[in-house]
Amino acid sequence: MATKILDGKWLSTQVQNEVAAQVASLMEKLGKKPGLGVILVGDNPASMAYVANKEKIAVVCGLNLFDNRLPATATQDEVAEAILDFNQNSEIDGILLQLPLPKGLDEKKLLDLIDPTKDVDGLHPLNQGLLIRGSPAPRPCTPQGALALIDLAYSDVNSDLISKNKIYDTAAIKPIDLSGKKAVVIGRSILVGKPLALLLLERNATVVMAHSKSKDLAQLASSADILVAAVGVPELIKGDYVKEGGVVIDVGINRLADGRLVGDLDFNSCKDKACAITPVPGGVGPMTVVMLIKNTVASFARRNGVK
Ligand code: NAP
């Protein structure tokens, strides 16, 4: 069977359509729109591009945008003030503090200031604690996006339907029970690896976490039914890291010296072994963006007492 390409652009467009419909219905019920507050510090080109994309999708889905741009020279207190200002603004339901922040700013202390009910990136310690408990809370966007692509991998949606760009009800892509499946997550960051491992655990997968101190990475990875690479090393994972017929998710986004964007997977050799694989670009990236908007709309509904 041909390898299924897990097209994040396609899936994110389907989710985006559903979120837009949800916003329209909430607007009708509540007479107001969800608001996303974006704080961007400095002029890192990659961060600027990510923010532009997130804002574009937010507007397409019908959200109000509140944008606060600070110079790279902004102090810890100035960024803190911008966060507290958004916390107090009742028209803002979700706050995005775009990471990474310029050197000299304490990222964790700033994330801790975000009102947990507006923490749509799911990075506040309270929400991380709720994730460990398995209690409801905003889940981090990239892990949620990766999990949705794993559901797509095991769903009946085939590559033909995806390539014809057919409209699809994503409710038909069921959250899959991963009992008996072994997942290996390479990377243990707070942003991706750790929360994704917890989400996979919630779905009953047997989860192994690997990192830079792990030994025999290829052997470890090649035993995985689901292999996730969230490393940040261009094309580290080759075909011999992949189990025959495994599902492979590439979270990495790496810019090469020649300007090309590649993931953590050597795509072609991995594709030969996998039953389903994400491309870079166009895999996990677009899913991260749409999950941010989905979390913001969920926060809006919750804050206004709508189930
Ligand atoms: P990070 O904080 O730098 O963490 C990287 C992880 O990879 C660490 O746990 C590190 O291990 C591990 N690692 C590094 N080199 C390794 C090696 N040779 N073998 C095994 N493990 C190794 O990065 P991150 O924020 O998680 O991001 C990872 C990648 O995903 C980056 O390319 C980033 O750009 C991308 N990303 C993409 C999205 C998206 O939307 N697609 C979102 C976020 C991040 P130690 O802990 O031992 O150092």
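Everything numeric in this text was worked out from a predicted model, so none of it was measured.

Visitor: Would you take a moment to explain the overall build of the chain for this structure?
Guide: Across its full length, the chain holds 11 helices and 11 strands. With the principal axes as the frame, the chain shows a C-alpha extent of 50 × 45 × 40 Å. The proportion of buried residues among the 307 residues of the chain is 50%. For the chain, the share of sequence-separated contacts (at least 6 apart) that also reach a separation of at least 24 residues comes to 71%. Only carbon and sulfur atoms are counted for the fraction: they give 54% of the accessible area of the chain, which is about 14,400 Å². Of the side-chain charges in the chain, 34 are positive and 34 negative, and the distance between the mean point of each set is 4 Å.

Visitor: Looking at this structure, I do not really get the side chain of Asp 93. What am I missing?
Guide: Summarising the element assignment, Asp 93 is placed in the loop between α3 (76-88) and β4 (94-97). The exposure class of Asp 93 is buried, given its relative accessible area of 3%. If we ignore the near neighbours within four places in the chain, the residues touching Asp 93 are Lys 33, Pro 34, Gly 35, Thr 117, Lys 118, Val 120, Thr 296, Ser 299, Phe 300, Arg 303 and Asn 304.

Visitor: Just to check I follow, could you spell out the pairing of strand β5 (residues 182-186) for this structure?
Guide: In regular strands, side chains alternate between the two faces of the sheet. Here β5 lies mainly inside the structure; 4 of its 5 residues are buried. The pairing of β5 with strand β6 (residues 206-210) spans 5 bridges and is classified as parallel. When the sheet's bridge partners are listed, Val 185 is paired in β6 with Met 209. As for the winding sense of the linkage, the β-α-β connection from β5 through helix α8 (residues 193-202) to β6 is right-handed.

Visitor: Please clarify how the packing of helix α6 (residues 141-154) against helix α11 (residues 284-303) should be interpreted in this entry.
Guide: At a closest axis distance of 8 Å, the pairing of α6 and α11 adopts a crossing angle of 115°. In terms of crossing hand, the pair formed by α6 and α11 is right-handed. Facing Cys 141, Thr 142, Gln 144, Gly 145, Ala 148 and Leu 149 of α6, the residues of α11 in contact are Val 284, Met 287, Thr 288, Met 291, Leu 292 and Asn 295. Looking at the contact of α6 with α11 residue by residue, the classes come out as 7 nonpolar, 5 polar and no charged.

Visitor: For this particular structure, what's the right way to read the pairing of strand β8 (residues 247-250)?
Guide: Here β8 shows a buried face lined by Val 247 and Ile 249 and a second buried face lined by Val 248 and Asp 250. Judged from the 4 bridges that link them, strand β7 (residues 226-229) and β8 form a sheet pairing that is parallel. The residue of β8 that forms the bridge with Ala 229 is Asp 250. Here β8 runs beside strand β11 (residues 276-277); their pairing, made up of 2 bridges, is parallel. Bridge pairing in β11 places Val 248 opposite Ile 277.

Rules and cut-offs
Residues numbered from 1 in each chain as written. Predicted model: local features only at pLDDT ≥ 70, side-chain atom pairs only at ≥ 80, totals over all residues. Heavy atoms only, no water. Helix = DSSP H or I, 4+ residues; strand = E, 2+ residues; numbered from the N terminus. Buried < 20%, exposed > 50% of the residue type's maximum accessible area, 1.4 Å probe, protein only. Contact = heavy atoms within 4.5 Å. Areas by Shrake-Rupley, 256 points an atom, 1.4 Å probe, with all protein chains shown as cover. Lys, Arg positive; Asp, Glu negative; His and termini not counted. Charge placed at Lys NZ, Arg CZ, Asp CG, Glu CD. Pairing = 2+ DSSP bridges. Right-handed = clockwise from strand over helix to strand, strands pointing away. Axes fitted to C-alpha atoms, helices over the stretch in contact; angles between N-to-C directions. Left-handed = near helix turned anticlockwise from the far one by under 90°. Nonpolar A, V, L, I, M, F, W, Y, C, P; charged D, E, K, R; others polar.

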